[in-house]
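Next come the chains, spelled out residue by residue.
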Amino acid sequence: MACLLETPIRMSVLSEVTASSRHYVDRLFDPDPQKVLQGVIDMKNAVIGNNKQKANLIVLGAVPRLLYLLQQETSSTELKTECAVVLGSLAMGTENNVKSLLDCHIIPALLQGLLSPDLKFIEACLRCLRTIFTSPVTPEELLYTDATVIPHLMALLSRSRYTQEYICQIFSHCCKGPDHQTILFNHGAVQNIAHLLTSASYKVRMQALKCFSVLAFENPQVSMTLVNVLVDGELLPQIFVKMLQRDKPIEMQLTSAKCLTYMCRAGAIRTDDNCIVLKTLPCLVRMCSKERLLEERVEGAETLAYLIEPDVELQRIASITDHLIAMLADYFKYPSSVSAITDIKRLDHDLKHAHELRQAAFKLYASLGANDEDIRKKIIETENMMDRIVTGLSESSVKVRLAAVRCLHSLSRSVQQLRTSFQDHAVWKPLMKVLQNAPDEILVVASSMLCNLLLEFSPSKEPILESGAVELLCGLTQSENPALRVNGIWALMNMAFQAEQKIKADILRSLSTEQLFRLLSDSDLNVLMKTLGLLRNLLSTRPHIDKIMSTHGKQIMQAVTLILEGEHNIEVKEQTLCILANIADGTTAKELIMTNDDILQKIKYYMGHSHVKLQLAAMFCISNLIWNEEEGSQERQDKLRDMGIVDILHKLSQSPDSNLCDKAKMALQQYLA
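Bear in mind that the values here come from a model prediction, so they are computed numbers and not experimental data.

On to the overall build of the protein, then. Looking only at helices and strands, one finds 42 helices and two strands in the protein. Expected size for 673 residues packed as a compact globule is a radius of gyration near 26 Å; at 34 Å, the protein overshoots this value by more than 25%. Taken along the three principal axes of its C-alpha coordinates, the protein extends 115 × 75 × 50 Å. Across the 673 residues of the protein, 55% fall into the buried class. Counting only contacts in the protein whose residues sit at least 6 apart along the sequence, the fraction spanning at least 24 positions is 67%. Averaging the positions of the 70 positive and the 77 negative side-chain charges in the protein gives two centres separated by 3 Å.

Now the structure itself:
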């Protein structure tokens, strides 16, 4: 019976709450403007910190009425201001509240309010806009829909410290990508915001700093401009350096370090500049210590990973600063059983976000180990590191999995580690699992790493082959994503290098000649080059060459002809001629060249080409065809002599290129022997 009673009780409570909220909304329709104003003020006091009340008022239709009053010319400025304050308070509730406000077209109404001459009303509108635009459910594009909005916001920057704080906050949240950066930059964001860095208000300085970090990110134009901006006789980078000193608030240190990092990565500050080596890098390493809050450690590690990613010297400096490699190991032990966190709310928050620490640590390890063998060794020797990465590969968070794969990929560039740690931990097993079913961004990195595990000196090569890698990789070559096609074909190329006949046959069978030809006509140059590399590796060692050419000779010769006739670069044609040279090295396969006058004419043409690389590749074909010790060499030599090949060899024996000259002389020896 209790179950039956539960619903009516709930309903009566709800109608009671709704009824208590109803009178707030009813008062907004009072004919007396003074009573309406008082009603809005009472509503403001009722909703502060009360999400339930906010939701009720939205359901009861308070928002359209508040917006109507806010836009009415007959409304007093005080009433308009109070309406904006209540709307701002409603926006501070849940994401659903913000969605309801957006559905009522609150943004155009508030932007219209910014045209008012009254500063208090403008500030209230901006505060509400700030709250709405900082919500994840608000599309940033809404700020840029009307072209007059940005210049008007720039003009309002000078009105008060509140307009400065709110506008900078709106800009930093709504600047997502190069298009937004360009709009803000073209409307004078740099000049208008620079002087705010010396404001008396900490909040204004902080929001201005955040603006510069989003404007400079991956933007050379903005970064180059920032380097030369003067504020009170001081260059902007010098101001940023002052802001990342230890006595400044952590938030300020971190954001200044981000500004300098982004300017450095955009090419505006050299990587060996003191402000990077002696100031920015040590500051970011400090942020990784366990004394810092979780989000500071995450941001510090991720920014440092981005700063050092392309630069070997910065990677070396970072690796020996404050025992960073060991410090990052703590990111995996958080929160520990002896954690100093006494604040239950903080502990709850950190438990929910601990995966972000692991993600950040993997990212930074990946950057640290990108180039230097000694650093990779240090990372791998850090306690349980390989186990942690392997665990990371199967985490539920896509971002952690991606960071773990990136870290593994970075470490897999080491020949020694491929032979030792990677084998000891059978890394290939979880990696193959990742490749079975993952988003493209993970697949790209995981398949790239598989290319390294399939190199001929890697002990993982055999077990990977046995676990069905051929089908998986052939599947990747059919992907819409060119990066996956490249990695699929690259891994197959590595797999085919000095492989047994059975493996080569498996590759050809799984790939199919149709797919091979599709790849040979792929619009992506990398795909084409790697496919030619695969063909070259398949067509190596005589028995294999003869076997493959006996079953696929016609199609392969057709593909070679098409490429040599096509509009391709030197590298592509060189690879294709090298494939022909391999075919010419076969016992029976070489007849496919000798009976194809079209191909012979092409080889002759490339012997006389202006590019030495192509001449050399064509020479290899000829040398393999005329080699004396092989059956039928006399007939082949005679046919090629009749074509004028000997005359070309005499010419090439006088070549200023010593390599080409030697090869021509060696070929002529075959005729004289």
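That shown, we press on.
Volume-wise, the largest pocket comes out at about 1,400 Å³. When residues of the lining of the largest pocket are assigned to their parent elements, the largest contribution, eight residues, is made by helix 18 (residues 294–308). Residue composition of the lining of the largest pocket, by class: 14 nonpolar, 12 polar and 14 charged.

So, about the UniProt feature "repeat: ARM" (unreviewed entry) in the protein. Residues given the UniProt feature "repeat: ARM" (unreviewed entry) here are residues 61–97. Spanning residues 61–97, this segment combines 76% helix with 0% strand, and its end C-alpha atoms are found 12 Å apart.

On to the environment of Thr-134, then. For Thr-134, the location among the structural elements is in the loop between helix 8 (119–133) and helix 9 (149–156). Distance in space between the C-alpha atoms of Thr-134 and Phe-620 is 65 Å, their sequence separation being 486 residues. Among all residues touching Thr-134, those that are not within four sequence positions of it are Gln-169 and His-173. For Thr-134, the side chain forms a polar contact with the main-chain oxygen of Arg-130, separated by 2.8 Å. Of the polar contacts made by the side chain of Thr-134, one reaches the backbone oxygen of Thr-131; its length is 3.1 Å.

What follows covers the domain arrangement of the protein. Examined at the domain level, the protein breaks down into domain 1 (413–537) and domain 2 (565–672). Relative placement of domain 1 and domain 2: their C-alpha centres are 32 Å apart. If you look at the interface, domain 1 gives seven residues, while domain 2 gives nine residues. For the pair domain 1 and domain 2, the summed buried surface comes to about 730 Å²; carbon and sulfur atoms form 70% of the total. Broken down residue by residue, the surface that domain 1 buries against domain 2 is led by Met-529, Leu-532 and Arg-536, which jointly contribute 71%. There are zero salt bridges connecting domain 1 and domain 2.

Under the criterion given, the structure shown has 33 salt bridges. Taken together, the shared-partner salt bridges connect Lys-290, Asp-330, Lys-333 and Glu-383 into one network.

So, about the side chain of Arg-636. Counting through the fold element by element, Arg-636 comes out in helix 40 (residues 633–642). A polar atom in the side chain of Arg-636 sits 3.1 Å from the backbone oxygen of Glu-631. Those residues in contact with Arg-636 that lie beyond four places of it in its chain are Lys-590, Glu-591, Met-594, Leu-625, Glu-630 and Glu-631.

Among the nonpolar cores identified, the biggest contains 242 residues, and Phe-212, Leu-368 and Leu-580 are the most heavily contacted of them. Shared between two domains, this core holds at least three residues of each, these being domain 1 (413–537) and domain 2 (565–672). Each residue touching Phe-212, except ones within four places of it in the same chain, is listed here: Val-190, Ile-193, Ala-194, Leu-197, Leu-226, Leu-236, Phe-240 and Cys-259.

Attention now moves to unusual backbone geometry. Glycine aside, residues mostly have negative phi angles, and peptide bonds mostly take the trans form. Of note, His-105 is a non-glycine position whose phi angle comes to about 60 degrees, a positive value. Inspection of the secondary structure assignment puts His-105 in the loop between helix 6 (95–103) and helix 7 (106–113). His-105 gets classed as exposed once you look at its relative accessible area, which sits at 57%. We note that His-323 has phi near 50 degrees; this positive angle belongs to a residue other than glycine. Its location among the elements puts His-323 in the loop between helix 19 (312–319) and helix 20 (324–329). Taking the relative accessible area as the measure of exposure, His-323 reaches 67% and is therefore exposed.

Right, let's get into the packing of aromatic side chains. This structure, assessed with the given rule, holds seven aromatic pairs. Aromatic ring contacts, followed pair by pair, group Phe-217, Tyr-262 and Tyr-306 into a single cluster. In this arrangement the basic side chain of Arg-265 is found over the ring face of Tyr-306, its NZ or CZ atom lying 4.2 Å from the centre. For the cation-ring pair, Lys-530 lies above Trp-490, with the distance from its terminal atom to the ring centre recorded as 4.3 Å.

Put simply, helix 35 (residues 542–565) and helix 36 (residues 570–584) touch, their axes get as near as 11 Å, and they point 150 degrees apart. Between helix 35 and helix 36, the angle is such that the two are roughly antiparallel. Relative to helix 36, helix 35 is oriented so that their crossing is left-handed. For the pair formed by helix 35 and helix 36, the contact residues are Ile-545, Met-549, Ile-556, Met-557, Val-560, Ile-563 and Leu-564 on the first element and Val-572, Lys-573, Thr-576, Leu-577, Ile-579, Leu-580, Asn-582 and Ile-583 on the second. Among the residues making up the contact of helix 35 with helix 36, the classes are represented as 12 nonpolar, two polar and one charged.

The next subject is the confidence of the model for the protein. With 96% of its residues at a pLDDT of 70 or more, the protein has an overall mean of 92. Here residues 1–15 is a poorly scored stretch, pLDDT under 50, and it has zero contacts once near neighbours within four places are set aside; other chains count.

What follows is about helix 27 (residues 428–436). Listed in full, the buried residues belonging to helix 27 are Trp-428, Pro-430, Leu-431, Met-432, Val-434 and Leu-435. Contact partners of the buried residues in helix 27: helix 23 (385–392), helix 24 (398–411), helix 28 (440–453), helix 29 (461–466) and helix 30 (469–476).

Here the focus is the state of the cysteines. If you walk through the whole model with that rule in mind, you get zero disulfides. Note on Cys-211: no disulfide assigned, nearest cysteine sulfur contributed by Cys-168 at a separation of 4.4 Å. Look at Cys-211 and you get buried, because its relative accessible area is 2%. As a non-bridged cysteine, Cys-578 has Cys-621 as the owner of its nearest cysteine sulfur, 7.7 Å distant. In this structure Cys-578 comes out as buried when scored by relative accessible area, which is 13%.

With that settled, the discussion passes to the packing of helix 33 (residues 513–520) against helix 34 (residues 525–538). The N-to-C vectors of helix 33 and helix 34 enclose an angle of 135 degrees; their axes lie 8 Å apart at closest approach. Taken as axis vectors, helix 33 and helix 34 run oblique relative to one another. In contact with Leu-516, Leu-519 and Leu-520 of helix 33, helix 34 contributes Val-527, Leu-528, Thr-531, Leu-532, Leu-534 and Leu-535. Considering only residue class, the contact of helix 33 with helix 34 consists of eight nonpolar, one polar and no charged.

It is worth spelling out the side chain of Glu-165 at this point. Residue position: Glu-165 is located in helix 10 (residues 161–174). Not counting chain neighbours up to four residues away, the residues in contact with Glu-165 comprise Arg-130, Lys-203, Val-204 and Gln-207.

How each quantity is defined
- Residues numbered from 1 in each chain as written.
- Predicted model: local features only at pLDDT ≥ 70, side-chain atom pairs only at ≥ 80, totals over all residues.
- Heavy atoms only, no water.
- Helix = DSSP H or I, 4+ residues; strand = E, 2+ residues; numbered from the N terminus.
- Rg over C-alpha atoms; globule rule 2.2 N^0.38 Å.
- Buried < 20%, exposed > 50% of the residue type's maximum accessible area, 1.4 Å probe, protein only.
- Contact = heavy atoms within 4.5 Å.
- Lys, Arg positive; Asp, Glu negative; His and termini not counted.
- Charge placed at Lys NZ, Arg CZ, Asp CG, Glu CD.
- 1 Å grid on protein atoms, 1.4 Å probe; cavity = no way out; pocket = protein on both sides within 12 Å on 5 of 7 lines; lining within 4 Å.
- Points joined across faces, edges and corners; volume = space filled by probe spheres on them.
- Nonpolar A, V, L, I, M, F, W, Y, C, P; charged D, E, K, R; others polar.
- UniProt positions renumbered as here; feature names shortened; annotations may be inferred.
- Polar contact = N/O pair within 3.5 Å; in protein donor to acceptor, adjacent residues only side chain to side chain.
- Domains from an automatic or database assignment.
- Buried area = accessible area lost by both parts, 1.4 Å probe.
- Salt bridge = Lys/Arg side-chain N within 4 Å of Asp/Glu carboxyl O.
- Core = buried A, V, L, I, M, F, W, Y, C linked by side-chain atoms within 4.5 Å.
- Phe/Tyr/Trp six-rings, centres within 6.5 Å; stacked < 30°, edge-to-face > 60°.
- Lys NZ or Arg CZ within 6 Å of the ring centre and 35° of its normal.
- Axes fitted to C-alpha atoms, helices over the stretch in contact; angles between N-to-C directions.
- Parallel < 35°, antiparallel > 145°, perpendicular 65-115°, else oblique.
- Left-handed = near helix turned anticlockwise from the far one by under 90°.
- pLDDT = per-residue confidence, 0-100.
- Disulfide = S-S within 2.5 Å.

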